[in-house]
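Next come the chains, spelled out residue by residue.
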Amino acid sequence: MSQVFKDNIFSGKVVFVTGGAGTICRKQTETLVKLGANACIIGRRVEPTEEAAKEIAKVRENAKVIGVGGIDVRQVNQLAKAVDQCVKELGRIDFVICGAAGNFLADFNHLSANAFKSVVDIDLLGSFNTVKACFEQLRLNKGCVLFVSATLHYQGVPFQSHVGAAKAGVDALSNALAVELGPIGIRCNAIAPGAIDNTEGFNRLVTNPSNVDKYIPLQRKGSTSEIADVTAFLFSDAAKYVTGTVIPVDGGMWHLGFPMRDFYPEKLASQLRDKPKL
Ligand code: HXC
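Because the structure is predicted, anything quoted here is derived from the model rather than measured. (Residues numbered from 1 in each chain as written. Predicted model: local features only at pLDDT ≥ 70, side-chain atom pairs only at ≥ 80, totals over all residues. Heavy atoms only, no water.)

Colleague: Where do I start with the overall build of the chain in this structure?
Modeller: Along the chain, the regular secondary structure elements total 8 helices and 7 strands. In terms of C-alpha radius of gyration, the chain reaches 19 Å, essentially the compact-globule figure of 19 Å for 278 residues. Principal-axis analysis of the C-alpha atoms places the extent of the chain at approximately 55 × 40 × 40 Å. Per-residue burial over the chain gives 50% buried out of 278 residues. The long-range fraction of contacts in the chain, counting pairs at least 24 apart against all pairs at least 6 apart in sequence, stands at 78%. When the accessible area of the chain is evaluated, it comes to approximately 13,600 Å², of which 54% is carbon and sulfur surface. Side chains of the chain carry 31 positive and 27 negative charges; the gap between the two charge centres is 2 Å. (Helix = DSSP H or I, 4+ residues; strand = E, 2+ residues; numbered from the N terminus. Rg over C-alpha atoms; globule rule 2.2 N^0.38 Å. Buried < 20%, exposed > 50% of the residue type's maximum accessible area, 1.4 Å probe, protein only. Contact = heavy atoms within 4.5 Å. Areas by Shrake-Rupley, 256 points an atom, 1.4 Å probe, with all protein chains shown as cover. Lys, Arg positive; Asp, Glu negative; His and termini not counted. Charge placed at Lys NZ, Arg CZ, Asp CG, Glu CD.)

Here is the structure:
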């Protein structure tokens, strides 16, 4: 992480993170914990979530980090139970990161209605459910929410209609909640990561990683710690007048669009000829 933040700026704060065992959200959590926060990370799988919590706790002496597995963000009641456990063990919730997400490459013809729904449910409904379950704590503590979005919906990106639609919804949700909840002191913002190296998302989506850098104005991929730095900024007092924004952290890549020249439209043509998968 960068050295611009003072130690202990988040002392006494608790962050609740869905997808906290994943690559990006894990680094976000580590950074907030390093800067003084305690954390509760949520995941679908029990063992990796509990294991990640133990590892994250090592970044600061006396840090408390709990991992609550077996939670599907599509189920608001499961999230509510996780919130209860977090409050019981860590005392409160100040910050929320809606990070759980699902993704895979699929063209429209091979993307079933259920596959589309799965991703929209995890990314968009899951974000709604997370804020819903945390709302009492956010209201009590004048908390702050961070949605993890994407830049895919700034253009039409093939093979990503499901994720683009879900993340456009996430941006809309963030904006609406910023306006609705601002009067009671709750801030809501979103981060839109670009090509972030060594992440599950990047590995799933990019088939030719060495080719990507030249399409990024800053001429390199980003790192998870660069996402975490902007996360720390948004939760810090330095951003106390910032709400309702989406910050792309992508080296400027969205201005050039996703590099499609290598496969567009030829690769699509063959996919679109098959019998549609319902
Ligand atoms: C087409 C696919 C598919 C694929 C799954 N499906 N993978 N369709 N191509 N590669 C379809 C299935 O066939 C099924 O539809 C439907 O999706 C649901 O699949 P399930 O496995 O039953 O659902 P579920 O267990 O809920 O899994 C959710 C998932 C899965 C999203 C489909 O991939 C997952 O759990 N991913 C979690 C981890 C993850 O994706 N991390 C990456 C996050 S990165 P049918 O019709 O057969 O029933 C990220 C970055 C975004 O999000 C932005 C980057 C720029």
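Here the narrative resumes, following the displayed structure.
Colleague: Help me understand the sheet that holds strand β4 (residues 95–98) in this model?
Modeller: Across a sheet, strands are paired by hydrogen bonds formed along the backbone, either parallel or antiparallel in direction. Pairing within the open sheet is parallel, and its 7 strands lie in the order β3-β2-β1-β4-β5-β6-β7. Among the strands making up the open sheet, the edge pair consists of β3 (65–68) and β7 (246–249). Averaged over all pairs of adjacent strands, the angle between strand axes in this sheet comes to 15 degrees, irrespective of strand direction. Running over the sheet, helix α2 (residues 46–57) touches β2 (38–42) and β3 and is turned about 170 degrees from β3. (Pairing = 2+ DSSP bridges. Axes fitted to C-alpha atoms, helices over the stretch in contact; angles between N-to-C directions.)

Colleague: Help me understand the site of the ligand in this model?
Modeller: Around the ligand, the surrounding shell holds 20 residues, and the nearest of these are R44, R74, N103, S112 and N114. The backbone of N103 places a nitrogen or oxygen atom 2.8 Å from an oxygen atom of the ligand. Within the side chain of E200, a nitrogen or oxygen atom sits 3.3 Å from a nitrogen atom of the ligand. Starting from 1,100 Å² of accessible surface for the ligand in isolation, the protein chains cover 63%. Residue classes in the shell around the ligand are distributed as 9 nonpolar, 6 polar and 5 charged. (Near = heavy atom within 4 Å. Polar contact = N/O pair within 3.5 Å; in protein donor to acceptor, adjacent residues only side chain to side chain. Nonpolar A, V, L, I, M, F, W, Y, C, P; charged D, E, K, R; others polar.)

Colleague: Help me out: how do you make sense of unusual backbone geometry in this one?
Modeller: What is expected of a backbone is that most residues other than glycine have negative phi and most peptide bonds are trans. Between Y264 and P265 the backbone carries a cis peptide bond, its omega angle lying at -5 degrees. With respect to the secondary-structure elements, P265 resides in the loop between β7 and α8 (266–273). Of note, the phi angle at K142 is positive, near 45 degrees, even though the residue is not glycine. Following the sequence through the fold, K142 ends up in the loop between α4 (113–141) and β5 (144–148). Its relative accessible area of 58% is what places K142 among the exposed residues. Of note, N198 is a non-glycine position whose phi angle comes to about 60 degrees, a positive value. If you trace the backbone, N198 turns up in the loop between β6 (187–193) and α6 (200–205). By relative accessible area, which is 60% here, N198 ends up exposed.

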